[in-house]
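# A look at the structure
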Amino acid sequence: MSTTATVENFPNSSAEPQENYLNARYGVRSWLLTLDHKRIGLLYLGTITLMFVVGGIAATMMRLNLLEPQGTLVEPETYNKLFSTHGIVMVFFFLVPSIPATLGNFLIPLMIGARDVAFPRLNLLSWYIFVTGCLLMLYVVFTGGIDTGWTFYPPYSSSYAHTDVFLAAMAIFIAGFSSILTGMNFVVTIHKMRAPGMTWFRLPLFIWSMYATALIFVLGTPVIAVTLLLLGVEKLLHVGIFDPALGGDPVLFQHMFWFYSHPAVYIMILPSMGVISELITAFSRKRIFGYSFVAFSSLAIAVISFLVWGHHMFVSGQSVYAGLIFSVLSFLVAIPSAVKVFNWTATLYKGSISYEAPMLYALGFIGLFTIGGLTGLFLASLSTDVHLNGTYFVVAHFHYVMVGGAVMAYMGGLHYWWPKITGRLYPDLWARFAALIIFVGFNLTFFPQFVLGYLGMPRRYAMYPAEFQSLNVLSSAGASVLAVGYVIPLIYLIWSMKYGPVVGPNPFGTKGLEWTTQSPPPTENFLRTPIVTEEAYNYETAPEPEVVRV
Amino acid sequence: MASHSQDPAHGHQQVEEHIVPVSTYLSIFVALLIATALTTWIAFQDLGNWNVVVALTIAVCKATLVVLFFMHVKYNKGLTRVVLIGALFWLGIMITFTLSDELTRHWEIYPQAWTGMIVPVMRHLLF
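The shown structure was predicted, so the numbers you read here are calculated from the model rather than taken from an experiment.

For chain B, the helix and strand inventory stands at 4 helices and 2 strands. Of the regular secondary structure in chain B, the N- to C-terminal order runs β-β-α-α-α-α. Taken over 127 residues, chain B has a buried fraction of 17%. A separation threshold of at least 6 residues defines the contact pool for chain B, and within that pool the share at least 24 residues apart is 45%. As presented, chain B carries roughly 9900 Å² of accessible surface, and 73% of it is formed by carbon and sulfur atoms.

In terms of helices and strands, chain A carries 15 helices and 2 strands. Relative to the 2.2 N^0.38 estimate, which gives 24 Å for 550 residues, the radius of gyration of chain A is 23 Å and therefore close to what a compact globule would have. In terms of its C-alpha atoms, chain A occupies a principal-axis envelope of roughly 70 × 45 × 45 Å. Across the 550 residues of chain A, 59% fall into the buried class. Taking as baseline every contact in chain A between residues at least 6 positions apart, the subset at least 24 positions apart corresponds to 83%. Carbon and sulfur atoms make up 70% of the accessible area of chain A, which amounts to about 20800 Å² in all.

With that settled, consider the side chain of T213(A). All names here are of chain A. Of note, T213 is situated in helix α6 (residues 205–237). Residue class for T213 comes out buried when judged on its relative accessible area of 0%. Once residues within four sequence positions are removed from consideration, T213 is found in contact with P100, I267, L270 and P271.

With that settled, consider the nonpolar core. Residues and elements named next belong to chain A. Grouped together as the largest cluster of nonpolar side chains are 166 residues, with contacts concentrated most on F93, F152 and F365. Those residues in contact with F365 that lie beyond four places of it in its chain are I269, S272, M273, I276, W344, T370, G404, G405, A406, M408 and A409. Core analysis: the next-biggest nonpolar cluster, separate from the first, contains 14 residues, M62, L66, L82 and F83 among them.

Glancing now at the packing of helix α14 (residues 428–454) of chain A against helix α15 (residues 469–499) of chain A. Residues and elements named next belong to chain A. Contact geometry of α14 with α15 gives a least axis separation of 7 Å together with a crossing angle of 155 degrees. One finds that α14 runs roughly antiparallel with respect to α15. Crossing of α14 over α15 shows left-handed handedness. By residue class, the composition of the contact of α14 with α15 is 21 nonpolar, 7 polar and no charged.

In this section: the pattern of salt bridges. Counted by the stated rule, this structure contains 8 salt bridges over all chains. Between D36(A) and K38(A) there is a salt bridge; the shortest N-O distance is 3.1 Å. Comparing D36(A) with K38(A) shows no difference in burial state: the two are buried. For D428(A), the salt bridge goes to R432(A), with nearest N and O atoms at 2.7 Å. Note that D428(A) and R432(A) are positioned in helix α14 at a spacing of 4 residues, about one turn of the helix. Taking the relative accessible area as the measure of exposure, R432(A) reaches 26% and is therefore partly exposed. Through salt bridges with shared partners, one network takes in D249(A), D101(B), E102(B) and R105(B).

Residue and element names in this part refer to chain A. Under the counting rule described, the total for this entry stands at 2 cavities of 30 Å³ or more. Considering the residues around the largest cavity, the lining is formed by 17 residues, among which F92, V96, P97, A175 and S179 are closest to the centre. When residues of the lining of the largest cavity are traced back to their parent elements, those giving at least two are α3 (76–112), α5 (165–192) and α6. Broken down by element, the lining of the largest cavity gets its largest block of residues, 6 residues, from α5. Residue composition of the lining of the largest cavity, by class: 12 nonpolar, 5 polar and no charged. In this structure, the second largest cavity occupies an estimated 40 Å³ of space.

So, about helix α8 (residues 291–304) of chain A. Side chains three or four residues apart in an α-helix point the same way, a direct result of the helix having 3.6 residues per turn. Taking 1.5 Å per residue as the helical rise, α8(A) with its 14 residues ought to reach 20 Å, and the 20 Å between its terminal C-alpha atoms agrees with that figure. In this fold, the buried residues of α8(A) make contact with α6, α7 (250–284), α9 (320–332) and α10 (334–348) of chain A.

Chain A puts 22 residues into the contact, and the matching count from chain B is 17 residues. Around 1700 Å² of area is buried between chain A and chain B when both sides are counted, 72% of it from carbon and sulfur atoms. Counting the contacts that link chain A with chain B gives 1 salt bridge. One salt bridge connects D249(A) with R105(B), and the closest N-O pair in it is separated by 3.2 Å. For the pair chain A and chain B, the interface holds 4 residue pairs in polar contact (both at pLDDT 80 or more). Mapped onto the side of chain A that touches chain B, the elements with two or more residues apiece are α5, α6, α7 and α9 of chain A. No other element matches α9(A), which puts 6 residues into the side of chain A that touches chain B. Looking at the side of chain A that touches chain B residue by residue, the class counts come to 15 nonpolar, 5 polar and 2 charged.

With that out of the way, let us pick up helix α1 (residues 22–43) of chain B. Between the first and last C-alpha of α1(B) there are 32 Å, a value that for 22 residues agrees with the 32 Å anticipated at 1.5 Å per step. The secondary structure elements touched by the buried residues of α1(B) are α2 (50–70) of chain B.

Before going further, it helps to examine the packing of aromatic side chains. Residue and element names in this part refer to chain A. Applying the stated criterion to the full structure yields 48 aromatic pairs over all chains. A centroid spacing of 5.6 Å and a plane angle of 90 degrees characterise the contact between W150 and W258, whose relative ring orientation is edge-to-face. Pair noted here: W150 is in the loop between α4 (120–142) and α5 and W258 is in helix α7, with a separation of 108 residues, a long-range link. Site record: aromatic cluster; members linked through ring pairs are F92, W150, Y153, F242, F253, F257 and W258.

Looking at the element boundaries, H72(B) is found in the loop between α2 and α3 (79–102). On the basis of relative accessibility, which here comes to 15%, the residue H72(B) falls in the buried class.

Let us look at a nonpolar patch on the surface. Residue and element names in this part refer to chain B. There is a patch of nonpolar side chains on the surface, built from F29, V30, L33, I34, F70 and M71 and spanning about 580 Å² of accessible area. No other element matches the 4 residues that α1 contributes to the nonpolar patch. Take M71: its relative accessible area is 53%, and that puts it in the exposed class.

Moving on, we get to the confidence of the model for chain B. Residues of chain B with pLDDT of at least 70 account for 75%, and the chain-wide mean is 81. The model gives residues 1–13 of chain B a pLDDT under 50, and that stretch makes 21 contacts with residues more than four places away or in other chains.

Cut-offs applied
- Residues numbered from 1 in each chain as written.
- Chains lettered and ligands numbered in written order.
- Predicted model: local features only at pLDDT ≥ 70, side-chain atom pairs only at ≥ 80, totals over all residues.
- Heavy atoms only, no water.
- Helix = DSSP H or I, 4+ residues; strand = E, 2+ residues; numbered from the N terminus.
- Buried < 20%, exposed > 50% of the residue type's maximum accessible area, 1.4 Å probe, protein only.
- Contact = heavy atoms within 4.5 Å.
- Areas by Shrake-Rupley, 256 points an atom, 1.4 Å probe, with all protein chains shown as cover.
- Rg over C-alpha atoms; globule rule 2.2 N^0.38 Å.
- Core = buried A, V, L, I, M, F, W, Y, C linked by side-chain atoms within 4.5 Å.
- Axes fitted to C-alpha atoms, helices over the stretch in contact; angles between N-to-C directions.
- Parallel < 35°, antiparallel > 145°, perpendicular 65-115°, else oblique.
- Left-handed = near helix turned anticlockwise from the far one by under 90°.
- Nonpolar A, V, L, I, M, F, W, Y, C, P; charged D, E, K, R; others polar.
- Salt bridge = Lys/Arg side-chain N within 4 Å of Asp/Glu carboxyl O.
- 1 Å grid on protein atoms, 1.4 Å probe; cavity = no way out; pocket = protein on both sides within 12 Å on 5 of 7 lines; lining within 4 Å.
- Points joined across faces, edges and corners; volume = space filled by probe spheres on them.
- Expected span 1.5 Å × (residues − 1).
- Buried area = accessible area lost by both parts, 1.4 Å probe.
- Polar contact = N/O pair within 3.5 Å; in protein donor to acceptor, adjacent residues only side chain to side chain.
- Phe/Tyr/Trp six-rings, centres within 6.5 Å; stacked < 30°, edge-to-face > 60°.
- Patch = residues over 30% accessible without salt bridge, like charges linked within 9 Å, V, L, I, M, F, W, Y side chains within 5 Å.
- pLDDT = per-residue confidence, 0-100.

Next comes the structure, spelled out in structure tokens:
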């Protein structure tokens with residue numbers, strides 16, 4: 001059965017748009033003071049897209065600089081600032097809030113049949129806090145930058161700091177509170193606001209993964225906030241915490257930093273896994289294989305994520321015994337991750353698969369995430385990590401997880417729910433083309449970096465030996481393809497908001513409460529409180545894809 | 001005692017909040033002030049290795065008062081306590097695993113004591 005949304009021309013059907021959350025009220029004020037989770041999701045979408053552009057420009061300049069061994073574009077000091085800006089902006093101001101704050105905010109109430117999140121005012125406050133953090137970070141970037149790397153390791157951030165480390169740390173400190181509020185809001189919403197009949201085991205898997213993510217938000221984020229605050233306290237008051245010259249311990253900073261920042265990787269990947277579960281079932285029109293295993297693997301990943309941080313410190317002076325424990329525990333994460341990958345693959349088996357743009361992203365995710373995950377095992381091994389630590393192998397590994405995984409799923413999710421968000425469809429052919437470009441561009445950029453790292457090229461240097469040039473040129477060429485792949489969706493998604501074909505409630509004919517209400521949904525989400533009587537992904541009762549009006 | 005009751009007609013949950021008398025809040029506030037004064041005084045006394053222990057003990061007592069009374073954990077059961085215990089457990093994870101590094105950093109790969117024991121035992125068995 002094809003799930004492609006068929007497009008028919010109805011020249012006169014630009015009829016009166018029904019009242020929805022977008023046209024219920026107009027004006028800047030109605031957006032800046034909105035308590036509607038859907039509008040807040042869009043506010044986040046706009047903000048993180050801007051931050052993505054900033055981080056992307058920094059990355060582009062880095063790749064341009066690395067075209068030649070001696071560097072073509074910037075001074076080494078500026079290069080340090082570029083990779084620090086890229087890392088900080090992309091991790092804290094794009095990836096962490098990407099799926100949770102946009103799709104999570106938009107979809108959680110819709111998927112569980114609620115009117116809004118549990119604390120709408122807190123939700124809006126979280127956006128304002130996030131924007132404050134963003135503005136402060138941008139101020140730092142444009143008034144001298146920061147050169148510590150995104151990890152803020154002392155002594156780069158203490159004794160040898162040349163830039164405004166304190167302000168940058170405060171920007172992350174502030175943005176962290178937005179994460180905490182969002183996480184708390186989601187936990188309470190999922191516990192308390194499910195529609196009648198929406199039991200825990202009828203929840204879409206996206207909700208399970210958002211729940212696991214919210215737990216990490218709440219449990220982990222305060223630690224990074226405290227750590228960065230201590231960094232500031234040490235700098236301002238000269239109390240010895242991390243600086244050995246003052247009696248502190250620099251490895252203690254790394255412990256506290258990674259206690260949050262490793263789980264933060266799962267903040268990025270868990271929501272992506274939730275999106276992929278939705279996409280795989282939707283476009284193979286099949287029940288997920290092993291629902292409870294996929295659901296509990298999210299929680300298992302969230303719990304184990306807090307026990308593995310020491311694998312970042314195998315060569316940092318951490319004791320061999322602690323390294324041994326962290327190595328063994330790190331291998332454990334592979335189990336629930338593999339459960340998901342195998343179950344998605346098993347879901348595809350004998351499914352009625354169609355290759356719409358979101359599905360292309362989902363299939364890309366499975367391949368790229370698997371490579372990213374498996375190369376993580378190399379780094380979790382104590383001995384191989386001694387060789388690979390601090391090389392481009394690490395850079396390639398985490399980009400396969402964060403970009404090949406998290407960003408691919410974010411793009412897939414954005415395309416899948418775009419008709420629900422805007423009430424209009426994007427040009428499908430362009431979307432498939434962009435998905436393909438991104439997949440090819442991504443691999444061209446980052447696969448050579450695995451080889452570079454294996455050959456010993458260290459990360460975070462503006463220059464490199466001449467023998468590495470061809471692989472670096474390949475990587476930079478790939479980055480330009482990748483950039484084109486990101487610009488195309490930006491253009492057609494904005495275009496579609498005004499000119500895309502108008503869609504009905506369920507253009508893909510898929511299951512889930514969000515598809516039972518009109519597109520875009522009314523302010524109150526559902527005109528009547530839905531009553532859930534079946535499990536998620538029951539595709540035996542799925543509706544046909546709807547006719548799309550232009 | 002807070003109680004959660006289901007309103008069958010509307011399906012909403014009504015939460016009855018426990019009203020804490022102002023006098024309780026004031027007593028806790030005074031207790032916290034006294035503890036703060038104590039912390040300040042202790043900071044000027046040299047207790048050697050006990051400096052940190054005493055300071056942390058007072059801090060934990062203060063935090064307990066805040067959590068129990070100001071944050072109403074004393075009057076809430078169920079999920080609220082699960083959340084509190086979960087948070088403390090997570091703090092425990094961070095401290096335990098960090099100490100697993102700090103305390104074993106100076107251990108040798110093969111501690112002297114093992115070889116000291118193993119070599120004579122092997123000699124005894126083999127020769």
